[in-house]
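What follows is the residue order along each chain.
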Amino acid sequence: MQGRVIDIHAHVVAADTTRYPFTPLGGHQSDWSRERPVGFEKMIADMDEAGIAKAALVQASTCYGYDNSYVADAVAAHPERFTGVFTVDVTQPDAPNRIRHWMRKRLKGLRVFIAGETAAAKDVRLDEPRSFPAWECVGEAGIPVCVQLRAAGLPQLVTVLERFPRVRIVLDHMARPAVDDGPPYGAASSLFALRLYPNLYLKLTTHNVRESRQGRATPESFFGRLVEKFGASRIAWGSNYPASDGTLAGVLAEARGALASLSSEDQDWIFFRTGESLYPVLAEKTIGGANRGHDRPVSRRAARAPRGTTASRRRSGGG
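Cut-offs used in this document
Residues numbered from 1 in each chain as written. Predicted model: local features only at pLDDT ≥ 70, side-chain atom pairs only at ≥ 80, totals over all residues. Heavy atoms only, no water. Helix = DSSP H or I, 4+ residues; strand = E, 2+ residues; numbered from the N terminus. Expected span 1.5 Å × (residues − 1). Bend = angle between axes of the 7 residues up to and from the residue. Buried < 20%, exposed > 50% of the residue type's maximum accessible area, 1.4 Å probe, protein only. Contact = heavy atoms within 4.5 Å. Phe/Tyr/Trp six-rings, centres within 6.5 Å; stacked < 30°, edge-to-face > 60°. Lys NZ or Arg CZ within 6 Å of the ring centre and 35° of its normal.

Novice: Any chance you could explain helix α12 (residues 264-278) here in plain terms?
Specialist: The α-helix advances 3.6 residues per turn, and as a result positions three or four apart in sequence lie on the same side. Its 15 residues give α12 an end-to-end C-alpha distance of 20 Å, which sits within 8% of 21 Å, the value for a rise of 1.5 Å per residue. The largest bend in α12 comes to about 50°, at Ile-270. Within α12, 12 of the 15 residues are buried, which leaves it mostly tucked inside the rest of the structure. Along α12, the residues that are buried comprise Asp-266, Gln-267, Trp-269, Ile-270, Phe-271, Phe-272, Arg-273, Thr-274, Gly-275, Glu-276, Ser-277 and Leu-278.

Novice: Whenever I open this one, the side chain of His-9 confuses me. Can you help?
Specialist: Within the secondary structure, His-9 sits in strand β1 (residues 6-10). The residues touching His-9, leaving out its near neighbours within four places in the chain, are Ala-56, Val-58, Arg-111, Asp-172, His-173, Lys-203, Gly-238, Ser-239, Asn-240 and Tyr-241.

Novice: What should I look at first to understand the packing of aromatic side chains in this one?
Specialist: Given two aromatic rings, one states the distance between the centres and the angle between the planes to describe the pair. By the definition in use, this model includes 10 aromatic pairs. Relative to Tyr-70, the ring of Phe-40 lies with its centre 5.5 Å away and its plane at 40°, an arrangement referred to as tilted. Residue Phe-40 is found in helix α2 (residues 40-50), and its partner Tyr-70 is found in helix α4 (residues 69-77); the two are separated by 30 residues along the sequence. Taking the relative accessible area as the measure of exposure, Phe-40 reaches 12% and is therefore buried. Owing to a relative accessible area of 7%, Tyr-70 belongs among the buried residues under this scheme. Between Phe-132 and Phe-164 the ring centres are 5.5 Å apart and the planes differ by 65°, which places this aromatic pair in the edge-to-face class. Of this pair, Phe-132 sits in helix α6 (residues 132-141) while Phe-164 sits in the loop between α7 (154-163) and β6 (169-171); the two residues are 32 residues apart in sequence, bridging distant segments of the chain. The exposure classification of Phe-132 matches that of Phe-164, with both residues buried. Residue placement shows Arg-225 over the ring face of Phe-192; its charged tip is 5.6 Å from the ring centre. The ring of Phe-271 is capped by Arg-256, whose NZ or CZ atom sits 5.0 Å from the centre of that ring.

Below you can see the structure in the form of structure tokens.
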């Protein structure tokens, strides 16, 4: 029997555009949200079909910009299945107040759009000093921050990792590293160098699964090296559904196939334990939800890599 699954990167888009008007960052709605939107009730049905217990709903900024109302309403309607990751303009003076506002709506993570493709202002940096009060706020609150950028922006990420060491930062899509050169993956060296920062976590999504088969790359060699360097307890799976095409069950099957060569313990960390450590609310028992037999409570302490396990050894000593 396959184990519990938590999806830490799913998007929901409402059919009701009057109640939830589109205000995309940059003024351009994403093609995926226009062509294959999924509301939160449909998301639950798709999760049940796929066998996914819970999910972190990530704000669809290419639909709603900084208005996180739909994600907040989804979490309020189904707190037993969802938590939410909101976004604010962290360069604005009121950013800490906006962060606290959305946290009061029971959203448990922040996503920063500065250096990524979705950023409204392309010339603003991730390490912009105006954003530091926001980073300090999330550090005090203890919530993780997801960031989206590419390899060129990783030096900015290093600045933030070093300045805010108690903030857990989750690198969306692992910065989409180039892997087609194959082992030893020299083109992805800037990603592997980030293993030195214990407050950095990697979000392994459908983009990474599909790109691991390009050129000379193979899922076995790339993900094996990734776990060797970072440890599975710092890697968490996210579907990117429905932004990535295909069914939710289908993209989960792709991920399971790509990670099949890893140990069962490492797969458990990637598919649910790391997600629980980042979003402890997702470790609470689901009532009447999917994977009921696997949906046991896991404390925040229990979700850490135990001493002596493969994950803990690799996290502390992986070169």
